[in-house]
Amino acid sequence: PAIIPFVLEVLEDTKYRERGYLMLGLSLMCDSLFYSERVSYMRLALKTFEAIKQGFPLYKRLIDDSEQETRLYTVIVLGWMQDDASEVVDVLLERLKIETDEEVRIEIIKRTIHLIYNGLSIYAGKGMESIRALYDFVKDCDSFDEKLIYVQELANLHFGHDKDINVFMEKTLLHAKKDNE
């Protein structure tokens, strides 16, 4: 965890060209921190994660970086910010409206659904509003992959509380099944 403040300081430097690489490192840490049964490792993981969370204001700026890799890995890190789930979901949904890269958009869809499920309530209030906002985006997008990721992520959560979304999910899965036959 001691290196994280230095990494965040370097990421603040807009002239530093390898910000995507540093965000990759932080995203890999976030994705692998909590997979141990050893108490000593879990303590270290919590300290590391607390240090990473200190960069939250910075990550909200990096999501608009001109480099695709920086945006992609920033989305992954933001996806772990469950303590600030409501604000992060807003940031991700705003970015989704203007993001041009399909890989980044797919990651936004995945991480937003996970944040809603783990940090909000998927069935009511802001969580349901956000699931609906994602639905409004994917139903009109040109990318079948984005539609399919949305449907798969919701299906993994056994989501089924909105008629329009349920119909969309069934149609998308049928289309995917036909494509594979």
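In the block above lies the structure referred to throughout.
(A) Main features of helix H9 (residues 144–156). Compared with an ideal rise of 1.5 Å per residue, which puts 13 residues at 18 Å, H9 spans 18 Å between its outermost C-alpha atoms and is within 8% of the ideal. All of the buried residues in H9 are Glu146, Lys147, Leu148, Ile149, Tyr150, Val151, Glu153 and Leu154. Those residues of H9 hidden inside the fold are in contact with helix H7 (102–119), helix H8 (125–140) and helix H10 (163–180). Two or three places before Asp145, at the opening of H9, Ser143 has a side-chain oxygen 3.4 Å from that residue's backbone nitrogen.

(B) Expanded view of the nonpolar core. Leu11, Leu26, Ile52, Tyr59, Leu78 and Tyr150 are the most contacted members of the largest nonpolar core, which totals 55 residues. Beyond its immediate stretch of four places on either side in the chain, Tyr150 contacts Ile109, Ile113, Ile131, Leu134, Tyr135, Val138, Ile165 and Phe168.

(C) Region of the structure containing the packing of helix H6 (residues 85–98) against H8. For the pair H6 and H8, the least separation of the axes is 11 Å and the interaxial angle reads 10°. Classified by the angle between their axes, H6 and H8 sit roughly parallel to one another. Where H6 abuts H8, its residues Ser86, Val89, Asp90, Leu93 and Leu96 lie against Lys126, Ser130, Ala133, Leu134 and Phe137. For the contact of H6 with H8, the per-class residue count stands at six nonpolar, two polar and two charged.

(D) Structural view of the packing of aromatic side chains. Across all of its chains, the model carries two aromatic pairs by this definition. Aromatic pair Tyr135 and Phe168: ring centres 5.4 Å apart, planes at 80°, arrangement edge-to-face. Of this pair, Tyr135 sits in helix H8 while Phe168 sits in helix H10, placing them 33 residues apart in sequence. Accessibility classification places Tyr135 together with Phe168 in one group, the buried group. Three or more aromatic residues joined by ring pairs form one cluster here, namely Tyr135, Tyr150 and Phe168.

Each value, and the rule that gives it
- Residues numbered from 1 in each chain as written.
- Predicted model: local features only at pLDDT ≥ 70, side-chain atom pairs only at ≥ 80, totals over all residues.
- Heavy atoms only, no water.
- Helix = DSSP H or I, 4+ residues; strand = E, 2+ residues; numbered from the N terminus.
- Expected span 1.5 Å × (residues − 1).
- Buried < 20%, exposed > 50% of the residue type's maximum accessible area, 1.4 Å probe, protein only.
- Contact = heavy atoms within 4.5 Å.
- Polar contact = N/O pair within 3.5 Å; in protein donor to acceptor, adjacent residues only side chain to side chain.
- Core = buried A, V, L, I, M, F, W, Y, C linked by side-chain atoms within 4.5 Å.
- Axes fitted to C-alpha atoms, helices over the stretch in contact; angles between N-to-C directions.
- Parallel < 35°, antiparallel > 145°, perpendicular 65-115°, else oblique.
- Nonpolar A, V, L, I, M, F, W, Y, C, P; charged D, E, K, R; others polar.
- Phe/Tyr/Trp six-rings, centres within 6.5 Å; stacked < 30°, edge-to-face > 60°.

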